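Listed below are the residues making up each chain.
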Amino acid sequence: KQGVKLKIWEYFSLFSVLLLLIIWVLQIVFLQYTYIGTMAKETLINARELVQMHENGELTDEKVRQKAFKDNVAIIITDDNNEILCARDSLGEMTPDRVATLGKFNLSIGNVVEQIKASEKGEVYFRLQDEQVKTDVLLFAAKSVEKNTNNQIYIYVLSQLEPIDSVVTVIRKQFVSI
């Protein structure tokens, strides 16, 4: 009887170790794709919330500041003439150098406003390289028209993709410590 119990325990242990190993490998392999997909979805949600607030006449400078801080994104709002009405990131008001990044993106992907106007939904989405900080950036841009005043603005939400290698290293260390 001891032999059967021992065999069952050995097989169960082997099965558990193999299952953990498979989960770990899948996490390491697919983590980057999952991370980018999640960040893209969050950036899209954040931008659409800002558009909705503007359309309902609820968008204020303070709400933009809070959203930029809470969601760790950069938000730039311009008018029809591409004049900046508001520029905030997680640290507060954006510096002129950081705002100039938007101009660099316009050069690399063409005129964003024209692409927004050409899109069916009035919004566009890009994954770009930010030369200033040497990381990938998700850029979501949308047109918004306030219902009561017909005030039209363009909202740009930029979200940096943090280097995923550090996250993978942490997960590997956590798995080894378990």
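Residues numbered from 1 in each chain as written. Predicted model: local features only at pLDDT ≥ 70, side-chain atom pairs only at ≥ 80, totals over all residues. Heavy atoms only, no water.

Student: Go over the packing of aromatic side chains, please, and point to the residues and values.
Tutor: To describe a pair of aromatic rings, one takes the distance between the centres and the angle between the planes. What the rule picks out here adds up to one aromatic pair. Between Trp-9 and Phe-12, the ring centres sit 6.0 Å apart and the planes meet at 35 degrees, which makes this aromatic pair tilted. A residue pair is termed a helical-turn pair when its members lie 3 or 4 positions apart in one helix, as Trp-9 and Phe-12 do in helix H1 (residues 2-55) at three residues. (Phe/Tyr/Trp six-rings, centres within 6.5 Å; stacked < 30°, edge-to-face > 60°. Helix = DSSP H or I, 4+ residues; strand = E, 2+ residues; numbered from the N terminus.)

Student: An account of the pattern of salt bridges is needed here, citing residue identities and associated values.
Tutor: Applying the stated criterion across every chain, the model contains seven salt bridges. Two residues, Lys-7 and Glu-10, come together in a salt bridge whose shortest N-O distance is 4.0 Å. You can see Lys-7 and its partner Glu-10 sitting in helix H1, three residues apart, about one turn around the helix. Given the relative accessible area of 41%, Glu-10 is considered partly exposed. Taking the shortest distance from any N to any O, the salt bridge between Arg-65 and Glu-62 comes out at 2.4 Å. Here Arg-65 pairs with Glu-62, and both are found in helix H2 (residues 61-71), just three residues apart, close to one helical turn. (Salt bridge = Lys/Arg side-chain N within 4 Å of Asp/Glu carboxyl O. Buried < 20%, exposed > 50% of the residue type's maximum accessible area, 1.4 Å probe, protein only.)

Student: Requested: an account of the pairing of strand E6 (residues 152-160), with residues and values cited.
Tutor: On a regular strand, one side chain projects to one face of the sheet and the next to the other, so that they alternate. Counting buried positions over the nine residues of E6 gives seven, a clear majority of the element. Note: strand E1 (residues 74-78) against E6, five bridges, orientation antiparallel. Note that in E6 the partner of Ile-76 across the bridge is Tyr-156. Where strand E5 (residues 135-145) lies against E6, nine bridges are found, and the strand directions are antiparallel. In the sheet register, Leu-138 faces E6, and the bridge partner there is Ser-159. Joining the antiparallel neighbours E5 and E6 is a turn of six residues, in which Asn-150 adopts a positive phi near 60 degrees. (Pairing = 2+ DSSP bridges.)

Student: Please provide a residue-by-residue account of the nonpolar core, values included.
Tutor: Membership of the largest hydrophobic core comes to 17 residues, with the highest contact counts inside it found for Tyr-156 and Leu-158. Residue assignment for this core shows that the elements contributing at least two residues are E1, helix H4 (112-118), strand E4 (123-130), E5 and E6. Counting 16 residues, the second largest nonpolar core, distinct from the first, contains Ile-75, Ile-77, Phe-140 and Val-157. (Core = buried A, V, L, I, M, F, W, Y, C linked by side-chain atoms within 4.5 Å.)

Student: Explain the environment of Ile-36 to me, and be specific about the residues and the numbers.
Tutor: Assignment of secondary structure puts Ile-36 in helix H1. Ile-36 gets classed as buried once you look at its relative accessible area, which sits at 16%. Separated by 126 residues in the primary sequence, Ile-36 and Glu-162 have C-alpha atoms spaced 9.5 Å apart. If sequence neighbours within four positions are ignored, Ile-36 has contacts with Arg-127 and Leu-161. (Contact = heavy atoms within 4.5 Å.)

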